[in-house]
Amino acid sequence: MAEKRDYYEVLGVDRNASEEEIKKAYRKKAIQYHPDKNPGDKTAEEKFKEAAEAYDVLSNPDKRARYDRFGHAGMGATGGAPGGFSMEDIFSQFGDIFGGRFGGFGGFGGFGSTGRTQRVSRGSDIRIRVKLNLSEIVHGVQKTVKVPKYVTCPDCNGRGAKSDADIKTCDNCHGTGYVTRVQQTILGQMQTTSPCPVCGGEGKKIVNPCPTCNGTGLIKSTEEISFKIPAGVSEGIQLTVSGKGNAAKKGGIPGDLLVVIEEEEHPTLRREGNDLLYTLNISIPDAITGCDATIPSVDGELKIKIEPGTQPGKVLRLRGKGIPDVNGYGIGDLLVYVQLYVPKKLDKTEKEMVEKLKQSENFSAKNAPEDKSFFDRLKKFFVVALLLFTALSAFGQKTEPAIAPLNLPMEFSGTYGELRTDHFHAGFDFRTGGVIGHRVYAIKDGYISRVSVSPAGYGNGLYITHNDGTMSVYGHLSKFTDEIAARVLEEQYKNEKFNVNLFYGPKDFPVKKGDFIGLSGNTGASGGPHLHMEIRRQGGELPTNFLRDGVYDYPDDLTPVIQRVGFYAFEDSTGYVQRRKLTIMNSPGGTVKVPAKSYIAIDAIDKIPGSPYRMGVEVYRALLDGEEFFRFTVGDVSYSEQSYIKSLIAFGESGDDMIKTQVDPGNALKYKIEAKNNGVIILDDYVPHRIRVEAMDYNGNVAGANYTIVRDDSVKAVAENDSLSHYNMLWYTPNTLNTKDISVTLPSGALYNSCDFTYGKVADADPEKGIYSSVWKIGDPTTPLAKSATIKFKVNAPDSLKEKMTLARYDEATGKLTAAGGRYENNGVVLKTSSLDTYCVTVDTIPPTLAPITVSGAQIKEDGEVYFTMKDDFSGISDFLASCDGSWVLGLLKNGRLTLYLDTIHHRKGIHHISVTAIDGCGNSTDVDLEVFF
């Protein structure tokens, strides 16, 4: 098959041609090769079709953008032509741009110059998702899928009638498809034309419908479709296979097949843009003497050399071993992060060897003068294991003194180790007086090794790797330096994405202590202006408590506060855990009745001078009759361990998070816990027992509270009169539950502990209230999950609602629905979730709201910012599309406000056409077009 010509070449226009220039060029080509001027000339007819195909793509902003990025591969196997244009398709779809020339193209399907032309209908698009592994993304792949779709009825050939004789001219509109009505108004006679209500604007009526398709001209079928996916695609990219969507009624133009790309997670390699990232753990001896290492790549294992004296945090860049740029701008790199493996336990011989090494000058770590007070304070702690780990992590490194990152009094609104529902707070939040724009400075010598931009998380984040092997992180910045900002903007427009992750080496952006690096702000997931800062070790993988480590001298003589203590009944004799909350004590001194087995949960916060906010506690401790049975030391928590906090806290409790004493077998933070009977209180008698809880901050300040418990066998771990069904799930195996209405699948390791999984139907379907299935209680919301569960509601839905279906959480007290997510697939609505709850199927057919915001009488600020409100009442905004004069424009959506950024690099001074589309979680969309002067 001949290779397709470039569409711009076909029409003879420049790639920057305007919409009007493209239209004029197509008109010229169409007149040149029109069949009336070239009767019987097959070459002219092919060029006529070729020009129509090019115009179909280049006149549509979305198709043109995809073509500019992917070429013909982005338009699918058939290029721009939807199934291959027929002459009738061309005249019906594009005939109106000629203004009636050539007698309205008479002779081609009856599109004469008299009367109103009948537009050929177009079939609906079909959207599918295709999951690719990393190898397929790197090399590109040919995919073949089976797609359920509507096709032309073979018995009536799409007519909808048994024969042509069964199609009659509509008596109401006399075949025109339109009716005209004249009304008398205060402005005089007004004439309006609208589609005929009898024939629906078709001009024809079917008097004897085809029994196979019931007069629609379409039947359901399945087609096997092949298409090529180019190398370098990424999550969320949508490719178009033209003409492979649903067929249209009455022989119209078929819709397109829209292929949305999903990426499978690679077991060892992580993608960042077009680069691949790999963390290589090496031993301390290998780092000192050098070694050969084997690392994975997409095309097999690679051998690399680790030079002697390699420092932790070093990044080795393997050029061209990453992912090809989908636009053809080269190939990314494979970045290897070298990280030292530090053993947590040493035998006697190993300890002796380490002690000998410590006597050598080469292995002597010199402490800075300000660290002396830190070691004095550590005498108050009982955390010897933590100290040993910290010392080994810093083995062979000299710590450089740090300066403060702000020229402000050092005050904090957040500290290390604060408990969050799914993570520990990994750094410190410096207060900035409630305003943005304070200058931020590098705390030590080093180089900028990473710059990240995201609408969530740290927002504008900057990472500095220091000469002593540590890394400092600065989050929520409002602005970078001009040079960094220019690099970021260039990358955003290159990839047409707001999110950016840039990595640099030591020679790219070196910094000295005290150098200006940006301005403080509240970008990303920030509730207000502040500077989030971290100091990390182990190649940037281990955030540390730098106040505890004495990096800054911050006096603190305030004790923590024990806010409340929870008491829980516990039972595990059946092999799975049953638990029930008994009471929450907001003040000490009370007595609680408990069963033979129970545990407690501690809610404590720290207070520090100069701040009204809650801070993180370093050590939690619990004693029974004066004997310690539980102790948890926060210490330093690596990012790989963060999610295990869900097993550590009393998950699902409202208010501040509480550390529970009962230890789950699947909790990887167990090495930080010392517990008797896994933190469970076991009472063999019926006399009162004293419970004491303590909380200690990083500075050794301690708070305590006392309570009394007494055994009462009438207290049970499971509520009586439970009407739900029960299913025993083990934490170390996969678990699957199936009923005729729902299925629930939990992969191995999803549970932290074996549990009594409860489920049951709690309400019937009620479409008038938006409930399109039975309502099911699926598990206990207070059961944490380490991996996502897959929930499927088995429903038969009409085609008109399938794409709009999703799952909702159902409030049993109020009947209120809140969006949970999920989509229709394989005869059901499927959701992957980390939350067990009460669910049902609902639909969302209401598009989002989208409107421009006027700023001081204009729609654009002097600095080029254009604002819109963008909100959705149920499934939420899932995406937005924005363009300026047909090209991608930088935009940020935060808290229901979309900001578009026009700049003098990409946008000339003058009037610009802004187009914005808001898309919700069920595919409903709203468009707004706006002209602004910049």
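Calculation criteria
Residues numbered from 1 in each chain as written. Predicted model: local features only at pLDDT ≥ 70, side-chain atom pairs only at ≥ 80, totals over all residues. Heavy atoms only, no water. Helix = DSSP H or I, 4+ residues; strand = E, 2+ residues; numbered from the N terminus. Buried < 20%, exposed > 50% of the residue type's maximum accessible area, 1.4 Å probe, protein only. Contact = heavy atoms within 4.5 Å. Areas by Shrake-Rupley, 256 points an atom, 1.4 Å probe, with all protein chains shown as cover. Pairing = 2+ DSSP bridges. Axes fitted to C-alpha atoms, helices over the stretch in contact; angles between N-to-C directions. Phe/Tyr/Trp six-rings, centres within 6.5 Å; stacked < 30°, edge-to-face > 60°. pLDDT = per-residue confidence, 0-100. Core = buried A, V, L, I, M, F, W, Y, C linked by side-chain atoms within 4.5 Å. Expected span 1.5 Å × (residues − 1). Salt bridge = Lys/Arg side-chain N within 4 Å of Asp/Glu carboxyl O.

**A few points about the overall build of the chain**
And step 1. Scanning the chain from terminus to terminus reveals 13 helices and 57 strands.
And step 2. Each of the 934 residues in the chain was classed as buried or not, and the buried ones make up 49%.
And step 3. Considering only contacts within the chain whose residues lie at least 6 apart along the sequence, 68% involve residues at least 24 apart.
And step 4. Carbon and sulfur atoms provide 49% of the accessible area of the chain, an area that totals close to 44900 Å².

**As for the sheet that holds strand β9 (residues 257-263)**
And step 1. Spatially, β1-β9-β8 is the arrangement adopted by the three strands of the open sheet, whose pairing is mixed. Each edge of the sheet is formed by a strand with only one pairing partner; in this case those strands are β1 (126-132) and β8 (238-241). Pairs of neighbouring strands in the sheet enclose a mean axial angle of 30°, with direction left out of account.

**Here's the deal with the packing of aromatic side chains**
And step 1. Scanning the entire structure with this criterion turns up 16 aromatic pairs.
And step 2. On the numbers, 4.5 Å between centres and 10° between planes, the contact of Y26 with Y55 is stacked. Placement of Y26 in helix α2 (residues 19-32) and of Y55 in helix α3 (residues 42-58) is noted, with a sequence separation of 29 residues between them. When sorted by exposure, Y26 lands in the same class as Y55, which is buried.

**Looking at the environment of I126**
And step 1. For I126, the location among the structural elements is in strand β1.
And step 2. Residue class for I126 comes out buried when judged on its relative accessible area of 11%.
And step 3. Through-space distance from the C-alpha of I126 to that of P148 is 9.1 Å; in sequence the pair is 22 residues apart.
And step 4. Excluding residues within four positions of it along the chain, I126 makes contact with V147, P148, K149, K244, G245, N246, D256, L257 and L258.

**Regarding unusual backbone geometry**
Negative phi characterises most residues that are not glycine, and trans characterises most peptide bonds.
And step 1. At E496, a position not held by glycine, the phi torsion is positive, near 50°.
And step 2. Structurally, the position occupied by E496 is in the loop between α11 (482-495) and β23 (500-503).
And step 3. Under the relative-accessibility criterion, E496 is labelled partly exposed at 34%.
And step 4. A positive phi angle, close to 55°, is found at N895, a residue other than glycine.
And step 5. Considering the arrangement of structural elements, one finds N895 in the loop between β54 (890-894) and β55 (897-901).
And step 6. By relative accessible area, which is 71% here, N895 ends up exposed.

**Digging into the confidence of the model for the chain**
And step 1. Within the chain, residue pLDDT values average 85, and 88% of them lie at 70 or more.
And step 2. Within the chain, strand β18 (residues 439-441) carries the highest mean pLDDT (97), whereas helix α9 (residues 372-378) carries the lowest (37).
And step 3. Residue range residues 77-83 is modelled with pLDDT below 50. Its contacts to residues more than four positions away, or to other chains, number 26 contacts.
And step 4. This stretch, residues 367-397, has a pLDDT under 50; its non-local contacts, to residues over four places away or in other chains, come to 51 contacts.

**Looking at the nonpolar core**
Generally speaking, soluble globular proteins have nonpolar side chains that are buried together.
And step 1. Counting 95 residues, the largest nonpolar core has Y474, I600, Y620 and F868 as the members making the most contacts within it.
And step 2. With four residues, the top contributor of residues to this core is α11.
And step 3. Those residues within four positions of F868 in sequence are excluded, and the remaining contacts are L850, A851, P852, I853, G896, R897, L898, L900, I914, V916, V928 and L930.
And step 4. Within the second largest apolar cluster, 41 residues are counted, among which are F227, L276, I295 and I323.

**Re the sheet that holds strand β37 (residues 689-696)**
And step 1. The strand order β30-β38-β37-β32-β33-β35 describes an open sheet built from six strands, whose pairing is mixed. Edge positions in the sheet fall to β30 (591-594) and β35 (673-675), since each has one partner strand and no second. If you compare each strand with its neighbour and ignore which way they point, the axes differ by 25° on average.
And step 2. Of the pairings in the sheet, the one linking strand β32 (residues 619-624) to strand β33 (residues 627-633) comprises six bridges and is antiparallel in character.

**Let's talk about α3**
And step 1. Relative to the 24 Å expected for 17 residues at 1.5 Å per residue, α3 spans 24 Å between its end C-alpha atoms, a close match to the ideal helical length.
And step 2. Where α3 is concerned, the buried positions are A44, F48, A51, A52, E53, A54, Y55, D56, V57 and L58.

**Quick word on the pattern of salt bridges**
It is possible for side chains bearing opposite charge to pair when their charged atoms get close.
And step 1. Taken as a whole and assessed by the stated rule, the structure comprises 42 salt bridges.
And step 2. Between K49 and E45 there is a salt bridge, with its nearest N and O atoms 3.5 Å apart. Within this pair, K49 and its partner E45 are both found in helix α3, separated by four residues, close to a single helical turn.
And step 3. Via salt bridges that share partners, R621, E628, R631, E674, R692 and E694 belong to a single interconnected network.

**Observations concerning the pairing of strand β44 (residues 789-794)**
And step 1. Covered by surrounding structure in β44 are A789, I791 and F793 only, the residues T790, K792 and K794 on the alternate face being uncovered.
And step 2. Summarising the sheet, β44 and strand β48 (residues 828-833) pair through six bridges and their orientation is antiparallel. Each residue of the ladder has a partner; that of T790, found in β48, is K832.

**Comments concerning the pairing of strand β56 (residues 911-920)**
And step 1. Extensive coverage of β56 is indicated by the burial of seven of its ten residues.
And step 2. In this structure, β56 lies alongside strand β57 (residues 925-933), joined through nine bridges in antiparallel fashion. In the strand pairing of β57, H913 is matched with E931.
And step 3. Between the end of β56 and the start of β57, which pair antiparallel, lie four residues, with G923 showing a positive phi angle near 85°.

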